[in-house]
Amino acid sequence: MRVVDLFSGCGGMSLGFQDAGFQIVAAYDNWQPAIDIYQRNFQHPIFKKDLSTEDIVPELREFHLDMIIGGPPCQDFSIAGKREFRGKRANLTLKYGQIVSEVRPQWFVMENVYNIERSPIFEEVLTVFKSAGYGITKHVWDASYMGVPQMRRRCFVIGKLCENDDFLLDKLLSGLSNERMTVRKYFAGKPFNVEYIYQHPRTYKRRAIFSVDEPLSTIRSVNRPIPSNYVIHSADKTSDLSKVHVLTTKERGYIQTFPESFDFVGTTSSIEQAIGNAVPVKMAEFVAKAILKHQDEGDVA
């Protein structure tokens, strides 16, 4: 299937769908550091466009698409900061829905933070999708049950024209692992002699030290060393800070399930932000494979 990725970032969603066997024909984003990374790692074009103001519907129609995928910017919905459910970036979610409804590919996939379900924009964009004729499967998933060593919860909205709602839910549920992916299991075979990892928390009310025998918390856009005055949290996995490792930028890319061959270019701060904003590759691949399974069964029927 021919796919375009909107709000592609550095390419986590694109790579996951590409690894599953989809043909990504183009991507769109408006942040140059992410575009630079994307261009380094993919053969198809990525276009710099401000989708809040520029009309790309005519050019999207020229691609003869089967699917649009994408993760509109989520900061206005995120629990990490002040929620502004009517902010500029929240409106980009509605813009995504409007583009899909005008192009009307057979499929679409939209990813966002789980907190989007509490926003009025979410109900509005679902109405846009339904009015365009899409059956909707929507659910909040934990990436650690999809092969990602990270307790990252994300909302996926998957649509197909002329389908019933929840049409894909059973296939997604049946594919989930019975156990969470741990850091140790995911890093098996790599030279990674580490037992404990520091993951800078959003607030010091949360723990920050994890064992490699569990998934990490959500990879965010900042990567900081252990503060000199860090106070051990009751849930931290060790109190001996000499045994605790702070992930490198490349290792954070691994936790987001980017392969070793993926080339992150740019300043350290921009790379960290691109990694934190990305859809985990294996999470996207999991969703893509469920879609292919549904499509294949439909073709047989």
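Just so we're clear, the structure is a prediction, and the values are computed from it rather than from any experiment. (Residues numbered from 1 in each chain as written. Predicted model: local features only at pLDDT ≥ 70, side-chain atom pairs only at ≥ 80, totals over all residues. Heavy atoms only, no water.)

Asks: I tried to follow the nonpolar core on my own but got confused; where do I start?
Replies: Nonpolar side chains tend toward joint burial in soluble globular proteins. Formed by 59 residues in total, the largest nonpolar core has its most connected members in Phe17, Met67, Val109, Ile158 and Ile291. Here the element with the most residues in this core is helix H10 (residues 281–300); it accounts for eight residues. Counting 33 residues, the second largest nonpolar core, distinct from the first, contains Phe7, Leu51, Phe122 and Tyr134. (Core = buried A, V, L, I, M, F, W, Y, C linked by side-chain atoms within 4.5 Å. Buried < 20%, exposed > 50% of the residue type's maximum accessible area, 1.4 Å probe, protein only. Helix = DSSP H or I, 4+ residues; strand = E, 2+ residues; numbered from the N terminus.)

Asks: Is there a simple way to think about the sheet that holds strand S3 (residues 46–48) in this case?
Replies: Either a parallel or an antiparallel arrangement is found when strands of a sheet pair, and the pairing is made through backbone hydrogen bonds. Taken in spatial order, the seven strands of this open sheet run S3-S2-S1-S4-S5-S7-S6, and their pairing is mixed. The sheet is open, and its two edges are formed by S3 and strand S6 (134–142), each paired on a single side. The sheet shows a mean angle of 15° between the axes of neighbouring strands, direction not considered. Here strand S2 (residues 23–29) pairs with S3 via three bridges, running parallel. Bridging across to S3, Ala27 finds its partner in Ile46. Of the strands in this sheet, strand S1 (2–6), S2, strand S4 (67–70), strand S5 (107–113) and strand S7 (153–161) are in contact with helix H1 (residues 12–20), which crosses S4 at around 135°. Sheet contacts for helix H5 (residues 120–131): S5, S6 and S7; angle to S6, the most-contacted strand, approximately 145°. (Pairing = 2+ DSSP bridges. Axes fitted to C-alpha atoms, helices over the stretch in contact; angles between N-to-C directions. Contact = heavy atoms within 4.5 Å.)

Asks: I tried to follow the pairing of S5 on my own but got confused; where do I start?
Replies: Looking along a regular strand, one sees side chains alternate from face to face of the sheet. Of all seven residues making up S5, seven are buried, and the element is well covered by its neighbours. Bridge count for S4 against S5 is four bridges, and the pairing is parallel. When the bridges of S5 are listed, Ile69 appears paired with Val109. In the sheet, S5 pairs with S7 via seven bridges, with the strands oriented antiparallel. Counterpart to Glu111 in the pairing with S7 is Phe156.

Asks: Looking at this structure, how should I read H5?
Replies: Because an α-helix completes one turn every 3.6 residues, residues spaced three or four positions apart along the sequence face the same direction. The end-to-end C-alpha distance of H5 is 17 Å, a good match for the 16 Å that 12 residues give at a rise of 1.5 Å each. Those residues of H5 that fall on the buried side of the exposure criterion are Ile121, Phe122, Val125, Leu126 and Phe129. Axial view of H5: buried residues confined to an arc of 135°, hence all on one face. Just beyond H5, the residue with positive phi is Gly133, at close to 100°. (Expected span 1.5 Å × (residues − 1). Arc of directions from axis to C-beta.)

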